[in-house]
Amino acid sequence: MTAIASASLPPRLRRSLLSVPAINERALQKAHGLDCDGVIFDLEDSVAPARKAEARDNLKRFFAETPLRGRERIVRINALDTDDAGADLDTVLALNPDAVLVPKVTTPSDIIGICARLDRARAPKGLRVWAMVETPRAVLEIGAIAGTRQGHGARLDALVVGLNDLRKETGVLPQPGRAYLLPWLMQVVLAARAFGLDVIDSVFNDFRDEAGFAGECAQGRAMGFDGKMLIHPAQIEAANRHFAPGEAEIAEAQAIIAGFAAPGAEALNVIEIGGRMVERLHLEQAERLMHKVRQISARKDIA
Ligand code: COA
Ligand code: MG
């Protein structure tokens, strides 16, 4: 965690973020029993244009009557240049979720603009802004977009990659391994890390393809993503598992922490564990990993 991020809010578990169409009342109710780290209540692409107002009403009723507890709550609004964006933002201000997810961001001014709008409405500082990275412009300008975090976009907290839109806009075909997308994806991860943001991998459409999904989760984790946006409850368990530290990683982190805690090690910056050089920077990494492990067990206690 960088100084920028830790100065505001403690790190959150964001392994599995399930998109739930706000138009679907049955799916909304279903969210209560699901073990995802967060729910993205969607007012955008999963809701037909003629039913946007009904979806907003559903969401208001859901938050008033059966609010979701113990999970991060994110509301995805319609794009800022659409007729629905204003009413969606009013809904966000009324509901006060943990974050508003802005789709089809194109430039840094989109983030600065929405932050200014939330400030003018005196929204609580805890109401964060997340950005969908799904337009070619957003990928090209991702450093500047993420960098708004240090200035007038201080509410910005996470980037979420949207590959359905990005593929549509660029013509890159959906292929296993995502070879032609990797340079763009890594650029988004890098920009997020440069400015202390979390970064969430794209949805995987074929929710019956367990092996394909597991492969993409493992790839996303190896690339440095914090978690994955999901479309179906069947994807939650695998995302939680793949984006959590594995047994070997935990054992290694514990050995590093024990190694630096051993008598005499306090004055050392480099030690040897199992034939490998371990530096103090690895201790920081190990402590961060164990913090995540504790967060995961705390969540299991709540569930
Ligand atoms: N959130 C909560 N519950 C969900 C869900 C979701 N995203 N997707 C499916 N479910 C529920 C269904 O309601 C169903 O519950 P039930 O058995 O009590 O009726 C159960 O899980 C099994 O669903 P299934 O029959 O396998 O899928 P489906 O045909 O009902 O739905 C989709 C398939 C793709 C239409 C649906 O998963 C969906 O709408 N996903 C989200 C789409 C979205 O948000 N898109 C925008 C972001 S890219
Ligand atoms: Mg999209």
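Residues numbered from 1 in each chain as written. Chains lettered and ligands numbered in written order. Predicted model: local features only at pLDDT ≥ 70, side-chain atom pairs only at ≥ 80, totals over all residues. Heavy atoms only, no water.

A look at the packing of aromatic side chains
For any two aromatic rings, the description comes down to two numbers: the centre-to-centre distance and the angle of the planes. Taken as a whole and assessed by the stated rule, the structure comprises 4 aromatic pairs. A ring pair is formed by Phe204 and Phe213, whose centres lie 5.8 Å apart and whose planes are at 55 degrees; its orientation type is tilted. Among the aromatic residues, those joined into a ring-pair cluster are Phe41, Phe62 and Phe63. (Phe/Tyr/Trp six-rings, centres within 6.5 Å; stacked < 30°, edge-to-face > 60°.)

Things to note about the nonpolar core
In globular proteins that are soluble, nonpolar side chains generally tend to be buried together. Counting 64 residues, the largest nonpolar core has Phe41, Leu59 and Leu159 as the members making the most contacts within it. Considering every element that reaches this core, the biggest residue donor is helix 9 (residues 182-194), with 5 residues. Residues contacting Leu59, with those up to four places away along its chain left out, are Ala22, Leu28, Phe41, Leu43, Val75 and Leu95. By size, the runner-up hydrophobic cluster in this structure holds 12 residues, among which are Ala99, Met132, Val160 and Met229. (Core = buried A, V, L, I, M, F, W, Y, C linked by side-chain atoms within 4.5 Å. Buried < 20%, exposed > 50% of the residue type's maximum accessible area, 1.4 Å probe, protein only. Helix = DSSP H or I, 4+ residues; strand = E, 2+ residues; numbered from the N terminus. Contact = heavy atoms within 4.5 Å.)

Some words on unusual backbone geometry
Positive phi outside glycine occurs at Asn96, with the angle close to 50 degrees. Tracing the chain through its elements places Asn96 in the loop between helix 4 (85-95) and strand 4 (99-102). Since its relative accessible area comes to 32%, Asn96 is described here as partly exposed. Phi at Arg122 takes a positive value of approximately 55 degrees, unusual for a residue other than glycine. Here Arg122 is to be found in the loop between helix 5 (108-120) and strand 5 (128-133).

Points about the confidence of the model for the chain
On average, the chain scores 95 in pLDDT, and the residues at 70 or more come to 96%. Below pLDDT 50 for its whole length, residues 1-7 participates in 11 contacts with residues either more than four positions away or in separate chains. (pLDDT = per-residue confidence, 0-100.)

Things to note about the packing of helix 4 against helix 5
The angle between the axes and the distance between the axes are what describe a pair of packed helices. With their axes 11 Å apart at the nearest point, helix 4 and helix 5 run at an angle of 50 degrees to one another. When the interaxial angle is binned, helix 4 and helix 5 end up oblique. In this structure, the crossing between helix 4 and helix 5 has a hand that is right-handed. Facing helix 4, whose interface residues are Gly86, Leu89, Asp90 and Leu93, helix 5 presents Ile114, Arg117 and Leu118. Along the lines of polarity and charge, the residues of the contact of helix 4 with helix 5 split into 4 nonpolar, 1 polar and 2 charged. (Axes fitted to C-alpha atoms, helices over the stretch in contact; angles between N-to-C directions. Parallel < 35°, antiparallel > 145°, perpendicular 65-115°, else oblique. Left-handed = near helix turned anticlockwise from the far one by under 90°. Nonpolar A, V, L, I, M, F, W, Y, C, P; charged D, E, K, R; others polar.)

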